[in-house]
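A closer look at the structure
For reference, the chains in residue letters:
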Amino acid sequence: MTVLDGILAGVREDLAEREAATPLAELKARVADAPPALDPLPGFRTTEVSIIAEVKRKSPSKGDLAVIADPAALAADYAAGGAAAISVLTERRRFGGSLADLAAVRAEVSVPVLRKDFIVTPYQLWEARAWGADLALLMVVSLPGDQLAELHGLALELGLTPLVEVHTEDELGRAAGIGAEVIGVNARDLTTLDVDRAVFRKLAPHLPDGAVKVAESGVAGPEDVAEYRGWGADVVLVGEALVRSGDPRSAVREFISRA
């Protein structure tokens, strides 16, 4: 069993509990009453690098990263620093996140919000929209067969912008094949947790023309953001380096200005 297999097993167990507690019909009713999702693309298609700043308490590779008592306040600092979007980890077991974090952030900021989780069922996309997300992460590695296309299509129907994440050339081919407009290249191999930022440099030239290129993982400081930018990244997703910075507002500004 890979690291990813173990994470997905826990995700499905927690999902079953939420499905039992909140029927899909209830989520659909909440979505029907929700305001339209925000469009992140204008913020991603600028002349300078865009930052997706992440609310991230811990990770499987590093353990506890930061005590985040008020995710909304952290997100507000990110937005004030110039973040184009806020990523909120909602997976509970390995990342310490929750849908409550997502809702709190959505209520606080006016920039788009990404639900970052291991989404493998339609129910999770309805959840994302019901709790205020504007974007949803779809990881190609965890969506075999027709699942990727089906969830990508549903996300668009719900008004969500899918961030389709890849790590290999084969996964990139699948993302391009469904017409993904926002493609993230994760430097971290989720089956082993190994990080190689050069994966972005390798795959970036093969990303579809017009697609928003998002670099994920492996950022320790502004020099890493600048390197990703030099390799063609339109957007860089940063978590650990920001939650550990001590001054997230200034850190976001520095990451943008030095790229």
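Above this note sits the structure.
The structure reproduced in this document is the subject of the present report. Remember, predicted model here, so these are calculated numbers, not experimental data.

Cut-off values and rules
- Residues numbered from 1 in each chain as written.
- Predicted model: local features only at pLDDT ≥ 70, side-chain atom pairs only at ≥ 80, totals over all residues.
- Heavy atoms only, no water.
- Pairing = 2+ DSSP bridges.
- Helix = DSSP H or I, 4+ residues; strand = E, 2+ residues; numbered from the N terminus.
- Axes fitted to C-alpha atoms, helices over the stretch in contact; angles between N-to-C directions.
- Contact = heavy atoms within 4.5 Å.
- Buried < 20%, exposed > 50% of the residue type's maximum accessible area, 1.4 Å probe, protein only.
- Arc of directions from axis to C-beta.
- Salt bridge = Lys/Arg side-chain N within 4 Å of Asp/Glu carboxyl O.

**Considering the sheet that holds strand β8 (residues 182-186)**
Strands in a sheet are paired, the pairing made by backbone hydrogen bonds, and the direction either parallel or antiparallel. Taken in spatial order, the eight strands close into a barrel running β1-β4-β5-β6-β7-β8-β9-β10, and their pairing is parallel. Strand-to-strand twist in this sheet, taken as the mean axis angle between neighbours without regard to direction, amounts to 25 degrees. Across four bridges, strand β4 (residues 85-89) lies against strand β5 (residues 113-116) in parallel orientation. Within the sheet, the bridge partner assigned to S87 lies in β5 and is L114. Of the strands in this sheet, β1 (50-55) and β4 touch helix α4 (residues 71-80), which is tilted by about 165 degrees from β1. On the sheet, helix α10 (residues 222-230) packs against β1, β9 (212-216) and β10 (235-238) and is oriented at approximately 150 degrees with respect to β10.

**Thoughts on α10**
Among the residues of α10, those classed as buried are P222, D224, V225 and Y228. For α10, the arc enclosing every buried residue in end-on projection is 160 degrees, short of the 170-degree limit, so these residues lie on one face. Considering only its buried residues, α10 is in contact with β1, α9 (198-203), β9, β10 and α12 (248-257). G232, located one to two residues past α10, shows a positive phi value of around 110 degrees.

**As for unusual backbone geometry**
Positive phi, close to 75 degrees, is recorded for L193, a residue that is not glycine. The residue L193 is located in the loop between β8 and α9 in this model.

**Things to note about the pattern of salt bridges**
Applying the stated criterion to the full structure yields 16 salt bridges. Of the charged contacts in the structure, one is a salt bridge between K116 and E54, with a shortest N-O distance of 3.1 Å. Here the residue K116 occupies a position in strand β5, and E54 occupies one in strand β1, the gap between them amounting to 62 residues. Take E54: its relative accessible area is 1%, and that puts it in the buried class. Within this structure, E13, D14, R92 and R93 form a network of salt bridges that share partners.

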